[in-house]
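Residue-level listing of the chains:
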Amino acid sequence: MLLSMSWRNVWRNARRSIITMTALSFGVAGIVGMYSYRELTYGVMVRDITTGLVGHLQVHGKGYQDAPSIGTLVANPLQVEAVLQGALPGAKTERRVIGAGLAGSGDRSAPVMVLGVEPGATALYRMSAGQDFTGQPHEVLIGKDLATELDVGVGGELVLVSQGADGSVANDRYVVSGTFTSSSAELDGTAVALPLAEAQSFFALGEGVHQLVVRLPVDREDVGPEVNALRAALDVKTLEALSWTEMLPQMKASMDTKRRSQGVMDFVIFLIVGLGVFNAMTMAVFERTREFGVLASLGTRPSRILAMVMLEAFWQAGLAFVIGVSLAALGLYGWGTVDLSAMMQGDVMGVRMPTKLELGLDPRALGGAAFTAFFTAFAGAFFPALRAARLRPVEALRHT
Amino acid sequence: MAVVEVENVTRVYEEKGQAPSPALRGVSLLVEKGEFMALAGPSGSGKTTLLNLIGGLDAVTSGEVRIDGRALGKLSRPDLADLRRDRIGFVFQAYNLVPVLTAAENAAYVLELKGVPAGERRAKVKAVFERLGLGAFLDTRPMKMSGGQQQRVAVARAIVSEPAVVLADEPTANLDQATGAALMDLMRELNRERGITFIFSTHDPMVLSRADRVVRLVDGLVVAT
């Protein structure tokens, strides 16, 4: 009877309850909508980071992250890969060489990033013209924008000049077999990709590589446990293992800061809504003062009266939650795809911002929105409920 | 054996900025099980105050009220609520039914508080409603009932849990003469059938004529019993 009584009490003053629930519903819809939008954007960014240049984790020669040097190597990458498979079963690894150089074609030249990648194993780029490595000697792929800058196309000739790890001059002539785009505008404009063995030979690295890029079987933002497991398994005197958040700390800090800002905004929204609930419940309790006196005189314990008023808040929060989530889902799925190309162009902190976003409801938003809605309703209802519970029956019965 | 013992009770209302106002001044009273007793007196004589004190709705300034030998002044608020639930029924002048509950749910409310299973509640309420001529109103909301019907539902609510004592504060005040007389006859029959003790406050001669005993209060003092 307590449940049904509280439910019916919600509808005693339907207009007031609907106004209260509308405020709560819009609060929930706002939180769910903004959370989903933000996290979907971050999800795309993290996916691009972890599947592209950076990966979830990387293993380097000790000190490479702070001071990248052509001579700071993972000297025995195949052994390290074996250790890594033991520590992180199911993880995929990619060996990579990275160096700086100068590329020339015809009378044009440009500073470039020379990448040595494992043909067929890298997800770093997508071909935009020509073909991927075919196994022929002296093949090179270049970023689409760099190709434009150097005015070189598929089949064109490219000369690379750099310095080897042993101090020798590194230079060679290559044929462009294709151009690519990647998850980074910087790569598109500066990167030249060579097959790994070709790059190791070019920079005189022997078997060494600069990066072992690790991709975990499940894509997620927090890879703290995995990086700790990897550190425990590696020889940390000669190697370093870093998560993507450690390699892009500003990116992670920016995401966390925006999340905190959103949290503050959520708090403000629900503070306002909570005051509305408080006002509505105070009115409801005041109007029913005499009835609470009757219930008390019939033998209702104060705790039950408190529970009844809190249940009224529960029903309103529950309905508002369902309506709010439905509104957010309608908005998000109804909007569908958002074109962000006008808002976000190029890289931010080395990561290309998404240019379009498939909107949808992020299930992780529901827990927070539910907690906030119910907490707000309960917080707003608690003091009126307490007042109802603490009424002295004889005084409540005199109330008109 | 006395169901209700009122021992030298005073109740003084003190409002800030106003002189203390004594509503009861040393009232003592014993009510035996099965009595059908009226508290009579003019408005302001202390009838309702005394009923409130006996029902544990208000606290004495001095003296003591006991129900079934239990001193109300020594009980906590939850214990007082339990005592009211288990031992006392109330009938109010203004009926005071809960508007969101049906007539049957109003009557069953106390049984639900006592943890009586739903089926048993329904059966008990139905039996009492039949007895009070309310059989057709089980699922009717109070606002769709007449004053007399609502007051009978209030009586049903007061007696369905078979309390030791029913306290009725001017139960006929809002009813016409015939309806009020019928209600008093009904309460009298319930008193005789079930042995429930009734204490009601009134200044209605019709009600007083049906009481076994009349306790007269004037200015907070018992002047005749």
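The preceding data block contains the structure.
Trainee: Sorry, what's going on with the overall build of chain A here?
Mentor: Looking only at helices and strands, chain A features 13 helices and 14 strands. Its C-alpha atoms give chain A a radius of gyration of 31 Å, more than 25% over the compact-globule value 21 Å for 400 residues. Along the first, second and third principal axes, the C-alpha atoms of chain A reach 100 × 45 × 30 Å. Long-range pairs, those at least 24 residues apart, make up 78% of the contacts in chain A between residues at least 6 apart in sequence. As displayed, chain A has an accessible area near 17900 Å², and 62% of this comes from carbon and sulfur atoms. Here chain A contributes 33 positively and 36 negatively charged side chains, and the mean placements of these two sets differ by 20 Å.

Trainee: Looking at this structure, how should I read the packing of helix α2 (residues 14–51) of chain A against helix α12 (residues 364–390) of chain A?
Mentor: The angle between the axes and the distance between the axes are what describe a pair of packed helices. Residues and elements named next belong to chain A. Viewed as axis vectors pointing N to C, α2 and α12 meet at an angle of 155°, and their least axial separation amounts to 9 Å. Comparing their axes, α12 and α2 come out roughly antiparallel. α2 and α12 meet at a crossing whose hand is right-handed. Taken together, the residues of α12 that come into contact with α2 (itself represented by Leu24, Val28, Ile31, Val32, Tyr35, Ser36 and Glu39) are Arg364, Ala365, Leu366, Ala369, Thr372, Ala373, Thr376 and Ala377. Of the residues assigned to the contact of α2 with α12, the class counts are ten nonpolar, three polar and two charged.

Trainee: Sorry if this is basic, but what is going on with the packing of aromatic side chains here?
Mentor: Geometrically, a pair of aromatic rings is defined through the distance of the ring centres and the angle of the planes. Residues and elements named next belong to chain A. Across all of its chains, the model carries 13 aromatic pairs over all chains by this definition. Plain terms: the ring middles of Trp7 and Trp11 are 5.7 Å apart, the flat faces sit at 70° to each other, and that makes the pair edge-to-face. For Trp11, a relative accessible area of 33% corresponds to the partly exposed category. Residues Phe371 and Phe375 carry aromatic rings whose centres are separated by 5.6 Å and whose planes lie at 15° to one another, so their mutual orientation is stacked. Of this pair, Phe371 and Phe375 are both found in helix α12, four residues apart, which corresponds to roughly one turn of the helix. Grouping residues by exposure puts Phe371 and Phe375 together as exposed. Following the ring pairs from residue to residue traces out a cluster consisting of Trp7, Trp11, Phe314, Trp315, Phe374 and Phe378.

Trainee: It is not clear to me how unusual backbone geometry should be interpreted in this structure. Could you clarify?
Mentor: Here the phi dihedral of A:Ala204 falls at roughly 60°; this positive angle occurs in a residue that is not glycine. Within the secondary structure layout, A:Ala204 lies in the loop between α6 (196–202) and β9 (211–215). Positive phi is not limited to glycine here, since B:Asn8 has a value of about 50°. For B:Asn8, the position within the fold is in strand β1 (residues 2–13).

Trainee: Where do I start with the sheet that holds strand β5 (residues 70–71) of chain B in this structure?
Mentor: The strands making up a sheet are joined through hydrogen bonds of the backbone, oriented either antiparallel or parallel. Residues and elements named next belong to chain B. Read across the sheet, four strands follow the order β2-β1-β4-β5 without closing on themselves; strand pairing throughout is antiparallel. Of all strands in the sheet, those with a lone pairing partner are β2 (21–32) and β5, marking the two edges. Pairing of β1 with strand β4 (residues 62–67), which is carried by five bridges, proceeds in the antiparallel orientation. What sits directly across from Glu5, in β4, is Arg66. Here helix α1 (residues 47–54) sits on the sheet in contact with β1, β2 and β4, set at roughly 120° to β1.

Trainee: When you look at helix α5 (residues 147–159) of chain B in this model, what are you seeing that I'm missing?
Mentor: Since there are 3.6 residues in each turn of an α-helix, residues three or four apart along the chain are aligned in direction. All names here are of chain B. Look at α5: 18 Å from first C-alpha to last across 13 residues, which is about the 18 Å you get at 1.5 Å a residue. Among the 13 residues of α5, eleven are classified as buried, and the element is accordingly described as predominantly covered. For α5, the set of buried residues is Gly148, Gln149, Gln150, Gln151, Val153, Ala154, Val155, Ala156, Arg157, Ala158 and Ile159.

Trainee: Got a minute to help me understand the interface of chain A and chain B in this structure?
Mentor: Interface size is commonly expressed as the accessible area that is lost once the parts come together. Opposite the 26 residues of chain A that make contact, chain B presents 30 residues. Buried area between chain A and chain B, summed over both chains or domains, comes out near 2400 Å², and the portion from carbon and sulfur atoms is 57%. A salt bridge links A:Arg304 to B:Glu112; its shortest N-O distance comes to 2.5 Å. Here chain A and chain B share 13 residue pairs in polar contact (both at pLDDT 80 or more) between them. Secondary-structure elements contributing two or more residues to the side of chain A that touches chain B are α1 (2–10), α10 (289–297), α11 (302–335), α12 and α13 (393–398) of chain A. Among the elements that take part in the side of chain A that touches chain B, α10(A) stands out by supplying six residues, more than any other. A breakdown of the residues in the side of chain A that touches chain B according to their chemical character gives 13 nonpolar, four polar and nine charged.

Trainee: Looking at this structure, how should I read the nonpolar core?
Mentor: Proteins that are soluble and globular tend to have nonpolar side chains buried together. In this structure, A:Phe292, B:Val4, B:Leu50 and B:Ile199 are the most contacted members of the largest nonpolar core, which totals 79 residues. Considering each element in turn, this core owes the most residues, eleven residues, to α11(A). Among residues more than four places away in sequence, those in contact with B:Ile199 are B:Val4, B:Val31, B:Met37, B:Leu39, B:Leu51, B:Ile54, B:Val165, B:Val166, B:Leu167 and B:Ala168. In terms of nonpolar packing, the next biggest core, distinct from the first, is built from 51 residues, A:Val74, A:Ala147, A:Ala199 and A:Phe202 among them.

Trainee: Is there a simple way to think about the sheet that holds strand β7 (residues 165–169) of chain B in this case?
Mentor: All names here are of chain B. With mixed pairing, the six strands of this open sheet are ordered in space as β6-β7-β8-β3-β9-β10. Strands at the two margins of the open sheet, each flanked by one partner only, are β6 (88–91) and β10 (221–224). Recorded for the sheet is a direction-independent mean angle of 25° between the axes of neighbouring strands. Against the sheet, α5 touches β6, β7 and β8 (197–202), its axis set at about 170° to β6.

Trainee: When you look at the pattern of salt bridges in this model, what are you seeing that I'm missing?
Mentor: Any two side chains of opposite charge can pair, on the condition that their charged atoms come close. Residue and element names in this part refer to chain A. All told, the structure shown has 37 salt bridges over all chains when counted by the stated rule. A salt bridge links Glu94 to Arg96; the nearest nitrogen and oxygen atoms lie 3.4 Å apart. Accessibility expressed as a relative area gives 1% for Glu94, which makes it buried. For Arg96, a relative accessible area of 0% gives the class buried. Residue Glu221 pairs with Lys252 through a salt bridge whose shortest N-O separation is 2.7 Å.

Trainee: Honestly, the environment of A:Leu150 in this entry has me stumped. Any pointers?
Mentor: All names here are of chain A. Position of Leu150 among the secondary structure elements: in helix α4 (residues 144–150). Since its relative accessible area comes to 1%, Leu150 is described here as buried. Separated by 59 residues in sequence, Leu150 and Ala91 place their C-alpha atoms 37 Å apart. With residues up to four places along the chain from it excluded, the contact list for Leu150 reads Ala103, Ser105, Arg108, Ser109, Ala110 and Leu158.

About the thresholds
Residues numbered from 1 in each chain as written. Chains lettered and ligands numbered in written order. Predicted model: local features only at pLDDT ≥ 70, side-chain atom pairs only at ≥ 80, totals over all residues. Heavy atoms only, no water. Helix = DSSP H or I, 4+ residues; strand = E, 2+ residues; numbered from the N terminus. Rg over C-alpha atoms; globule rule 2.2 N^0.38 Å. Contact = heavy atoms within 4.5 Å. Areas by Shrake-Rupley, 256 points an atom, 1.4 Å probe, with all protein chains shown as cover. Lys, Arg positive; Asp, Glu negative; His and termini not counted. Charge placed at Lys NZ, Arg CZ, Asp CG, Glu CD. Axes fitted to C-alpha atoms, helices over the stretch in contact; angles between N-to-C directions. Parallel < 35°, antiparallel > 145°, perpendicular 65-115°, else oblique. Left-handed = near helix turned anticlockwise from the far one by under 90°. Nonpolar A, V, L, I, M, F, W, Y, C, P; charged D, E, K, R; others polar. Phe/Tyr/Trp six-rings, centres within 6.5 Å; stacked < 30°, edge-to-face > 60°. Buried < 20%, exposed > 50% of the residue type's maximum accessible area, 1.4 Å probe, protein only. Pairing = 2+ DSSP bridges. Expected span 1.5 Å × (residues − 1). Buried area = accessible area lost by both parts, 1.4 Å probe. Salt bridge = Lys/Arg side-chain N within 4 Å of Asp/Glu carboxyl O. Polar contact = N/O pair within 3.5 Å; in protein donor to acceptor, adjacent residues only side chain to side chain. Core = buried A, V, L, I, M, F, W, Y, C linked by side-chain atoms within 4.5 Å.

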